[in-house]
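Now for the letters of each chain:
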Amino acid sequence: MTSPIEAAVAEAIGPSLLAFYEDLHAHPERSGREERTAARLAAALREAGCRVETGIGGHGLAAVLEDGEGPVILVRADMDALPVREETDLPYASRQAGVDSQGREVPVMHACGHDLHMATLFGLARVVQALRGRWRGRLVLVGQPSEEWVSGAEAMMTDGLYARVGRPDAALALHVAPGHPPGRVLFTEGTASAGGESLDLVIRGVGGHAAHPDETRDPVLLAAQVIVALQAVVSREVDPQAFAVLTVASVHGGAKHNAIPDEVRLGLNIRFFHDAVRERLLAGIERVSTGLARAAGMPEDRLPVLTLLPESARPFSNDPDLVQRVRTAVEAVLGPDRVGMLGPSSGSEDFGAFALADPPVPLCYLRIGAGPGRLHSPCFAPEPRTVLEAGVTALAAAVLDLMSPTR
Ligand SMILES: [Zn+2]
Ligand SMILES: [Zn+2]
């Protein structure tokens, strides 16, 4: 016997929902430029019966379904795409281009599944609207911009999201997870997502002629030493039980074969689950680079300069009671075979910003299997129907349980 949720999901996942997904996939937009995407999502959620407010923290939007007194439950979908050239042969593959922060044209692709997240949100709105009478309270569906820059959630919060829609009693988000069976719903207890931080490390020197290195202080050699020495920060300074990553991801310096440059710029990225590890990594980077510069005889006014970039994410944790409750509700509809556990992600996410209220909002970040493939890959091509069916079912089960009039 099918449950009311399954019946409503079967009704909601029709050709129009898949067409909505394919349209979003074919028209991806870069972080901070989600204008068309936000307009399409807002129109879809209005069609599903929501009251929609747009332009929150950039292109962010909040759609509300309400019925009487009850809890406020927030569900987030992210909206931005990536500067990736799509290499799938899907009939709805992206042929779009966007511009990067320097105004250069770049290809754009939904290579992180945010199009699926938005279609899931639309399906959820349809199901919850169809099941009016079985829930009480206010459901807030959030379309978040700039997740890939880990800045959109904070921008929406700073723009007074909770003053507009109320402080939620719980916030949920779902993210596709390739490498797991399509439609399998995966829960994480405790830390759900790593903190991440990008840093510029400018190795300064004293430039000059390549034939007279003795008259220079060579920042290229120093940069090479710093890159090698940084590898020991994680392996020798961080608790082996703790999670830490330190990657030097870019090196830029010099313009000509016979000239030693004045500086070399390194692009660093760190990942961590705990703030104490973050402090340890930052202190290690500072100490190693400064110490090696002094050892190389750099003048005190030419020591390395470390700058933290704004694109940073705090680690966040799932609320154990909320995870338990949502998992029980999802298992009751999908069955235990389609539900599993997954360890924390070493990727970073800014969903944690939605917890930052007084008192903090309990979070449940769940992932959904998307079959073979990799996130951020030009070949990422999940089979949408299975993922959408399971995603909408899982979120509807969670929302109906959390907003149940009898609990
Ligand atoms: Zn991503
Ligand atoms: Zn993503």
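Conventions adopted
- All residue numbers here refer to positions counted from 1 along the written sequence of the relevant chain.
- Ligands are numbered from 1 and chains lettered from A, in the order in which they are written.
- Only residues with pLDDT of at least 70 are given local features in this predicted model, and only at 80 or more are side-chain atom pairs given and counted; all residues enter the totals for whole chains, interfaces and linings.
- Each side-chain value is worked out from all heavy atoms of the structure, with water and hydrogens disregarded.
- Only N, O and S atoms count as donors, using a 2.8 Å cut-off from the metal and 3.2 Å for Na, K and Ca, and because water is excluded some sites may appear unfinished.
- Each residue gets one of three labels from its accessible area relative to the maximum for its type: buried under 20%, exposed over 50%, partly exposed in between, using a 1.4 Å probe on protein chains only.
- Working rule for geometry: tetrahedral if four donors all subtend angles between 85 and 135 degrees; square planar for four, octahedral for six, if opposite donors exceed 155 degrees and the others stay between 65 and 115; irregular in every other situation.
- Pairing of aromatic side chains here covers Phe, Tyr and the six-membered ring of Trp, requires ring centres within 6.5 Å, and sorts the geometry by plane angle: under 30 degrees stacked, over 60 edge-to-face, intermediate tilted.
- Here a strand is any run of E in DSSP of at least two residues, a helix any run of H or I of at least four, and the numbering for each starts at the N terminus.
- Salt bridge criterion: a side-chain nitrogen from Lys or Arg within 4 Å of a carboxyl oxygen from Asp or Glu.

Colleague: Is there a simple way to explain the coordination of the zinc ion (ligand 2) in this structure?
Modeller: Geometry reference: four tetrahedral donors at a metal, ideal angle 109.5 degrees. Six octahedral donors, ideal angles 90 or 180 degrees. On the protein side, the zinc ion (ligand 2) has Cys112 (SG), His114 (NE2) and His175 (NE2) as donor atoms, found 2.1 to 2.3 Å from it. Ordering the donors of the zinc ion (ligand 2) by residue number gives the pattern C-x1-H-x60-H. Separating the zinc ion (ligand 2) from the zinc ion (ligand 1) is a distance of 3.2 Å, and Cys112 supplies a donor atom to each of them. For Cys112, a relative accessible area of 7% gives the class buried.

Colleague: Help me understand the coordination of the zinc ion (ligand 1), please; the structure alone is not making it clear to me.
Modeller: Binding of the zinc ion (ligand 1) to the protein goes through Cys112 (SG), Glu148 (OE), Glu148 (OE) and His376 (NE2), at separations of 2.0 to 2.7 Å. Around the zinc ion (ligand 1) sit four donor atoms; with metal-centred angles ranging over 53 to 151°, the donor geometry is irregular. When the donors of the zinc ion (ligand 1) are listed by position in the chain, the intervening gaps give C-x35-E-x227-H.

Colleague: It is not clear to me how the packing of aromatic side chains should be interpreted in this structure. Could you clarify?
Modeller: Two aromatic rings are characterised by how far apart their centres lie and by the angle between their planes. Inspection of the entire model under this criterion finds seven aromatic pairs. Ring geometry for Phe316 against Tyr365: centres 5.5 Å apart, planes inclined by 90°, an arrangement best described as edge-to-face. Here Phe316 is found in strand 15 (residues 316-317), whereas its partner Tyr365 is found in strand 18 (residues 363-369), with 49 residues between them in sequence. Given the relative accessible area of 5%, Phe316 is considered buried. Look at Phe351 and Phe354: their rings are 5.9 Å apart centre to centre, the planes differ by 50°, and that puts the pair in the tilted class. Of the two residues, Phe351 and Phe354, neither departs from the other in class, the shared state being buried. Taken together through their ring pairs, the aromatic side chains of Phe316, Phe351, Phe354 and Tyr365 make up a single cluster.

Colleague: Would you mind going over the pattern of salt bridges with me for this structure?
Modeller: Once their charged atoms are close, side chains differing in charge can pair, the charge on each being opposite to the other. Tallied over the full model, the rule gives 21 salt bridges. Its salt-bridge partner being Glu47, residue Arg126 comes within 3.5 Å of it at the nearest N-O pair. With a gap of 79 residues between them, Arg126 in helix 4 (residues 114-130) and Glu47 in helix 3 (residues 35-47) connect regions that are remote in the sequence. Ionic pairing is found between Arg51 and Glu66, a salt bridge with its closest N-O pair at 3.4 Å. Within this pair, whereas Arg51 is found in strand 1 (residues 51-56), its partner Glu66 is found in strand 2 (residues 60-67), the two being separated by 15 residues in sequence. Residue class for Arg51 comes out exposed when judged on its relative accessible area of 52%.

None of this, on its own, says anything about what the molecule does.
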